[in-house]
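The primary structure of each chain is shown beneath.
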Amino acid sequence: MIPFIDLAAQQVRLKPRIDAAIQKVLAHGFYVMGPEVGAFEEQLAEFGRARFALSCGNGTDALALPLMAWGIGAGDAVFCPSFTFAATPEVVPWTGATPVFVDILPDTYNLDPDHLEAAIEAVKAKGELRPAAVIAVDLFGQPADYPRLSQICRRHGLKLIADSAQGFGCTLYGEHPTFWADAVTTSFFPAKPLGGYGDGGAVLTDDPALWERMDSLRVHGKLVKSDLGGHPLQHDPKYLNQRIGMNSRLDTLQAAILIEKLGVFAEEIEARQDVAQRYAEGLKGHVYATPKVIEGGRSVWAQYVIEHHDRDGLAAHLKALGVPTAVYYPVPMHRQAPYAGFPVGPGGLPVSETKAGRVLALPMHAYLTEDVQDFIIEGVRGYNGSAEAEAA
Ligand SMILES: Cc1ncc(COP(=O)(O)O)c(C=O)c1O
C-alpha cells in the first residue's frame, strides 16, 4: 500500500537532527516547559507573523483557550462551519456557549461569508443568544476568506478565530491568517502539515492581554503579572490560582522535534505546491472537481480533495490498486447526534450536505514522488474513463 501521508520519508531526512534534539532534552531533563518550548514558540510566532505564539497540549485546547480567555459562555453564540473536524464545534459547548452552524462555499469548502452574515442576523432577530465569536476553518490547508469574514466580525462586534489546524502556513495575498484573526490556532497532530511525534497545539495572536490570559489558563489559571496589580509576589504563582483553567502544555520533547520540523516547513510547503499542481494537471476533466484555491491564496495542502459522483466506487477501485484514500468528512457535524440540536443558519446547510457525499482525499505529502503520483493519477483516470460521464 502506498502511504497516505509518508512520515517515514520526512524522518529519513531529519533523523540525525531530531535524534540530537531528543538527546539534548533527555540530558537537561526539563520535560515540561523546558527551554525548547519557549524557543519553539518564538520561532512559530515569527513564521506565522504574530507577536505571540502560545503552545498547548493539542489543537482542540488551542481553540478552547481564546474562547475561555474572552469569557465566552452561556447565552453566547459562536458561529462555525459544520463541514469540519469535530474539534471546531466541540469546544463551544465546553464553555457553555452554543455553536451555530454556517454553510460553506462550494468551491473552497470554507465558511460562506454571506451565509455567516445571514446567520448572525437571524440569531440577533431571535434574541435568545448573543453573537460573540466566529471560528473560521482553513479546511484542507487553504485560507478562508478572511478579508470578508473579518469585516463581518468587526461590523457585528464579534471575535474571529482562525482554526488553522490544517492550514498553518497558508497565506492570502501574502499575509498569514494572523493578519485578520484575533487568534489563530493550530495542531501538531502527526498527520498535520506541521506535525510532531505526538499531540500538540498552539495559539498565535498579536494581543498581549489575550496571550497572558491564555498563559494563565493553560496552567490551571495560575496567577500572571496583570493579576498582581503592582503588588509583590509572595508565593509560587503556580499555586495561586486566579481563574478556572486547565492543564494543556506542549511537551518539551515535542517542542524540540517541532523546532527541527519547522526548519524545513517552508520548503515542504513549496514541495506540496508541485504535488498539487501535478494532480490538478493529471486529473482535470477526469473527476467532478479538483480543488480550487481562493484568489490570492496559497494552500499548504494538508489534504488533496477531489469530488466524484461515485466516490465510494472510486475509493474501492483505488484500494484494490494499493492506493489509500480518506473521506473528510462523511457526515457534517450538524447531522451528528450530539450536535443535531444546535441551530443552523437560515435555509440549512445544503452545500455541506452535498459535499459530504462527494469528497475523496488522495495521498498528499511533501515527499510524494512523481512515479508514485502518476500511478495514483492513472488509477483515478482508469476508473471513470470519460470526463463527460463524470461531468454529467
Ligand atoms: C480543523 C481542525 N480543527 C481542530 C483540530 C484538532 O486538533 P487536535 O487533534 O490536535 O486536537 C483538527 C485536527 O485534528 C482539525 O482538523
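Before reading further, recall that the structure is shown in the block above.
Residues numbered from 1 in each chain as written. Predicted model: local features only at pLDDT ≥ 70, side-chain atom pairs only at ≥ 80, totals over all residues. Heavy atoms only, no water.

**Considerations on the packing of helix H3 (residues 59–69) against helix H4 (residues 87–94)**
Axes are the key here: two packed helices are described by the angle between their axes and the distance separating the axes. The cut-off we apply is this: To obtain each axis, a line is fitted to C-alpha atoms, and for helices this fit is confined to the stretch in contact; angles are then taken between N-to-C directions over 0 to 180 degrees. Note on conventions: DSSP H or I runs of at least 4 residues are helices, E runs of at least 2 residues are strands, and numbering of each starts at the N terminus. Roughly parallel covers angles under 35 degrees, roughly antiparallel covers those over 145, roughly perpendicular covers 65 to 115, and oblique covers all other angles. With the far helix as reference, a near helix turned anticlockwise by less than a right angle produces a left-handed crossing, and one turned clockwise produces a right-handed crossing. We call two residues in contact whenever any of their non-hydrogen atoms come within 4.5 Å of each other. Each residue gets one label: Ala, Val, Leu, Ile, Met, Phe, Trp, Tyr, Cys and Pro are nonpolar, Asp, Glu, Lys and Arg are charged, and the others, such as Gly, are polar.
For the pair H3 and H4, interaxial distance at closest approach is 9 Å and the crossing angle is 40 degrees. It follows that H3 is oblique to H4 by the angle criterion. Note on packing geometry: the crossing formed by H3 with H4 is right-handed. The residues of H4 that touch H3, namely those facing Thr60, Asp61, Leu63, Ala64 and Leu67, are Ala87, Thr88, Glu90, Val91, Val92 and Trp94. Counted by class, the contact of H3 with H4 contains seven nonpolar, two polar and two charged residues.

**Notes on a nonpolar patch on the surface**
The condition that has to hold: Excluding any residue in a salt bridge, patches collect residues exceeding 30% relative accessible area, merging like charges within 9 Å and nonpolar Val, Leu, Ile, Met, Phe, Trp and Tyr side chains within 5 Å. Accessible surface is estimated by sampling points in the Shrake-Rupley manner with a 1.4 Å probe; for residues, cover comes only from the protein chains shown. By definition, a salt bridge exists where a carboxyl oxygen of Asp or Glu is found within 4 Å of a side-chain nitrogen of Lys or Arg.
A contiguous nonpolar patch, built from Leu26, Tyr31, Val32 and Met33 and spanning about 360 Å² of accessible area, is present on the exposed surface. Looking at the element boundaries, Tyr31 is found in the loop between helix H1 (7–28) and helix H2 (35–47).

**Notes on the site of the ligand**
Selection rule: Here, proximity means that at least one heavy atom of the residue falls within 4 Å of the molecule or strand. Under the rule applied, a polar contact is a pair of N or O atoms within 3.5 Å (in protein, one hydrogen donor and one hydrogen acceptor; residues adjacent in sequence only if both atoms are side-chain atoms).
Close to the ligand lie 14 residues, the nearest being Gly59, Thr60, Asp163, Ser187 and Lys192. Measuring from an oxygen atom of the ligand, one finds a side-chain N or O atom of Thr60 at 2.5 Å. One of the side-chain nitrogen or oxygen atoms of Gln166 is found 2.9 Å away from an oxygen atom of the ligand. Burial of the ligand by the protein chains amounts to 93% of its free accessible area of 390 Å². Listed by contribution, the elements that provide at least two residues to the shell around the ligand are H3 and H4.

**Re H3**
This is how it is decided: Buried residues are those whose accessible area, probed at 1.4 Å on protein chains only, stays under 20% of the maximum for their type, while exposed residues exceed 50% and partly exposed ones sit between those limits.
The element H3 is extensively covered by neighbouring structure, given that 10 of its 11 residues are classed as buried. Along H3, the residues that are buried comprise Gly59, Thr60, Asp61, Ala62, Leu63, Ala64, Leu65, Pro66, Leu67 and Ala69. Regarding H3, its N-cap is Asn58, as a side-chain oxygen of that residue lies 3.0 Å from the backbone nitrogen of Thr60 further along. Of the residues one or two after H3, Gly71 is the one with positive phi, at around 75 degrees.

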